[in-house]
Amino acid sequence: MTARAEASAEQAPQARKPRVAVLFGGRSSEHAVSCVTAAGVLGAMDQSKYDVVPIGIAKTGQWVLADGEVAQWSLSSAVLPEVEPSAQSVTLAEIGGSHQLVVTAPNQVPLELGSVDVVFPLLHGPFGEDGTIQGLLELSDTRYVGAGVLASAVGMDKHFMKVVFADAGLDVGPYVAVTDRQWTNDPQAVRDSVAALGFPVFVKPARAGSSMGISKVDAPEQLDGAIAEARRHDLKLVIEAGIVGREIECAVLEGRGSDAPRTSMPGEIVVTDSSHHAFYDFTAKYVQDDAVALSCPADLPAEATTQVRALAAQAFDAVGAEGLSRVDFFYTPEGELIINEINTMPGFTPKSMYPQMWAASGLSYPELIDELIQLALNRKTGLR
Ligand SMILES: Nc1ncnc2c1ncn2[C@@H]1O[C@H](COP(=O)(O)OP(=O)(O)O)[C@@H](O)[C@H]1O
Ligand SMILES: [Mg+2]
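Residues numbered from 1 in each chain as written. Chains lettered and ligands numbered in written order. Predicted model: local features only at pLDDT ≥ 70, side-chain atom pairs only at ≥ 80, totals over all residues. Heavy atoms only, no water.

Undergrad: Please set out the overall build of the protein residue by residue, giving values where relevant.
TA: Within the protein one finds 12 helices and 17 strands. Computed over its C-alpha atoms, the radius of gyration of the protein comes to 22 Å, within 12% of the 21 Å expected for a compact globule of 384 residues. In terms of principal-axis extent, the alpha carbons of the protein reach across some 75 × 55 × 40 Å. Residue burial in the protein is summarised as follows: out of 384 residues, 50% are buried. Split by element, the accessible area of the protein, about 17400 Å² in all, is 53% carbon and sulfur. For the protein, the distance from the average position of its 28 positive side-chain charges to the average position of its 48 negative side-chain charges is 3 Å. (Helix = DSSP H or I, 4+ residues; strand = E, 2+ residues; numbered from the N terminus. Rg over C-alpha atoms; globule rule 2.2 N^0.38 Å. Buried < 20%, exposed > 50% of the residue type's maximum accessible area, 1.4 Å probe, protein only. Areas by Shrake-Rupley, 256 points an atom, 1.4 Å probe, with all protein chains shown as cover. Lys, Arg positive; Asp, Glu negative; His and termini not counted. Charge placed at Lys NZ, Arg CZ, Asp CG, Glu CD.)

Undergrad: Quick rundown of the pattern of salt bridges? Include the residues and the values.
TA: Taken as a whole, this structure holds 20 salt bridges when the rule is applied. The salt bridge partner of D328 is R326, with a shortest N-O separation of 2.7 Å. Comparing D328 with R326, the two get one shared label, buried. One network of salt bridges, in which partners are shared, links E138, E322, R379 and R384. (Salt bridge = Lys/Arg side-chain N within 4 Å of Asp/Glu carboxyl O.)

Undergrad: How would you explain the sheet that holds strand β1 (residues 19–25) if you had to name every residue and give the values?
TA: On the basis of which strands lie adjacent, the open sheet formed by four strands has the order β3-β2-β1-β7 and mixed pairing. In this open sheet, the two strands that pair with only one neighbour each are β3 (63–65) and β7 (118–121). Pairs of neighbouring strands in the sheet enclose a mean axial angle of 30°, with direction left out of account. Two strands pair when backbone bridges link them, and β1 and strand β2 (residues 51–57) are joined in this way by seven bridges, in the parallel orientation. When the sheet's bridge partners are listed, V20 is paired in β2 with V52. Packed onto the sheet, helix α2 (residues 31–44) meets β1, β2 and β7 and runs at close to 150° relative to β1. (Pairing = 2+ DSSP bridges. Axes fitted to C-alpha atoms, helices over the stretch in contact; angles between N-to-C directions. Contact = heavy atoms within 4.5 Å.)

Undergrad: A description of unusual backbone geometry should follow, citing residues and the corresponding values.
TA: A cis geometry characterises the amide bond from F199 onward to P200, with omega recorded as 0°. Here P200 shows up in the loop between α7 (187–197) and β9 (201–205). Phi is positive for F127, close to 65°, though the residue is something other than glycine. Examined against the element boundaries, F127 turns out to sit in the loop between β7 and α3 (132–139). A positive phi angle, close to 60°, is found at D141, a residue other than glycine. Looking at where D141 falls in the secondary structure, it is placed in the loop between α3 and α4 (149–156).

Undergrad: Run through the site of ligand 1, naming residues and quoting values.
TA: What surrounds ligand 1 is a group of 18 residues, the closest being K158, K204, S211, E247 and E341. K158 is positioned with one of its side-chain polar atoms (N or O) 2.5 Å from an oxygen atom of ligand 1. Contact between ligand 1 and E240: a nitrogen atom at 2.9 Å from a side-chain N or O atom of the residue. Where the shell around ligand 1 is concerned, the elements lending two or more residues are β9, β11 (237–241) and β17 (337–343). Within the shell around ligand 1, the residues separate by chemical class into seven nonpolar, five polar and six charged. (Near = heavy atom within 4 Å. Polar contact = N/O pair within 3.5 Å; in protein donor to acceptor, adjacent residues only side chain to side chain. Nonpolar A, V, L, I, M, F, W, Y, C, P; charged D, E, K, R; others polar.)

Undergrad: Just give me the short version of the environment of R309, but keep the residues and values in it.
TA: Mapped onto the fold, R309 is located in helix α10 (residues 302–319). A residue is classified by how much of its surface remains accessible, and R309, at 28% relative accessible area, is partly exposed. Taking the C-alpha atoms as reference points, R309 and C250, 59 residues apart in sequence, are found 6.6 Å from one another. Those residues in contact with R309 that sit more than four places away from it in its chain are C250, T263, S264, M265 and P266.

Undergrad: Go over the sheet that holds β11 with me, naming the residues and quoting the values.
TA: Strand pairing in a sheet is mediated by backbone hydrogen bonds. Such pairs are either parallel or antiparallel. Read across the open sheet, the four strands follow the order β8-β11-β9-β10; overall the sheet is antiparallel. Two strands in the sheet have a free side with no partner beyond their single neighbour: β8 (175–178) and β10 (215–217). Strand-to-strand twist in this sheet, taken as the mean axis angle between neighbours without regard to direction, amounts to 20°. Judged from the three bridges that link them, β9 and β10 form a sheet pairing that is antiparallel.

Undergrad: Lay out the environment of I373 in plain terms, naming residues and giving numbers.
TA: The topology assignment puts I373 in helix α12 (residues 365–377). Separated by 328 residues in the primary sequence, I373 and M45 place their C-alpha atoms 10.0 Å from one another. Excluding residues that lie within four positions of it along the chain, I373 makes contacts with V20, M45, Y50, V118, F120 and V145.

Undergrad: Describe the pairing of strand β14 (residues 267–271), with residues and values.
TA: Pairing of strand β12 (residues 246–253) with β14 involves three bridges; the strand directions are antiparallel. Counterpart to E249 in the pairing with β14 is G267. Bridge count between β14 and strand β15 (residues 292–295): four bridges; the pairing is antiparallel. Residue pairing for β15: E268 is matched across the bridge by S295.

Undergrad: So what's going on with the packing of α4 against helix α5 (residues 158–167)? Residues and values would help.
TA: For the pair α4 and α5, the least separation of the axes is 5 Å and the interaxial angle reads 105°. Judged by the angle between their axes, α4 and α5 are roughly perpendicular. Within the contact between the two elements, α4 uses V154, G155 and M156 and α5 uses K158, F160, M161 and V164. Here the contact of α4 with α5 is composed, by residue class, of five nonpolar, one polar and one charged. (Parallel < 35°, antiparallel > 145°, perpendicular 65-115°, else oblique.)

Geometry only, nothing functional implied.
Dropping the structure here:
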């Protein structure tokens, strides 16, 4: 046997390519952003290496097989992309000891699509990035890309995230958490605790994303309106003292095997159209192309760059993240680094900060996707 024949004989047990189910859409207000991410990822995945099954999740929660339209989705158009419900549903079922994707429709014999080796949940926000989908996949012992149940849940909740970060010694900045019960029973106590932070403050839904429901409040009389707006997204809120500083972000990628997490060169977000955007809001993030400039590597003193990367890895480990995370900081004029948040499923279109920071650090978008899938394929299921 030639060396080449020997090599292919060795590979024979892997009779087929790993099957990757890409999940996108979902029930959160970031549905459209997730659709755009899916278009980017599906376009960049190596189809000669992976058998890709795109599965959209409609806003109702229904899983449907997604068609070829995905590639054309963009956020700049007047109509936001959306996964439409269908008569055919996809489910993940345990059949004969493996996890099979099954398509069901009324009055039809269920169609088995085959077993799934790994799920790539490209979902942002509640019911996707918050541990719920991860829990479903854990229950069926299915491997998936990204953070597990607890890390996803902690990373989704801006309050518990700060509790964990503060415990790990990271600087989180002054804030108050406000529950539905506190606001309903004693709104004046909430107003008083917010006033003690000093204005401006940022009022945020505790569990949202993409700047949805967030307002900058410059004076006490605007507070109730901002709270009402944030409560449309989540009844639990986090209200933070406004921080003056540059917005610096860092991409983290889990290490291979037992290696430490890898960190990218930090990037910076500069809101260039500040007359229309008081901060990095939804339109600046996704709709108005020229509202922000992403610069990577960020122009920072060498020691600040080193510190950002070390703190980002520390934040990743503090919540017990896996796979990927983007960690965002404020870099104050005094040179402090205050952590704003961790995103366990950060924006992931080819133009998003996370892939851009890796590209600037030598890892292209297709390579990054491949690495994430490999990390997930090589990971243990169950408690780990
Ligand atoms: N405490 C703060 N001080 C100053 N700016 C803030 C503060 N919190 C948020 N912002 C601004 O609002 C944006 C969105 O807030 P963030 O907490 O990152 O929400 P999201 O999870 O939706 O991205 C930030 O990128 C920043 O521009
Ligand atoms: Mg953010």
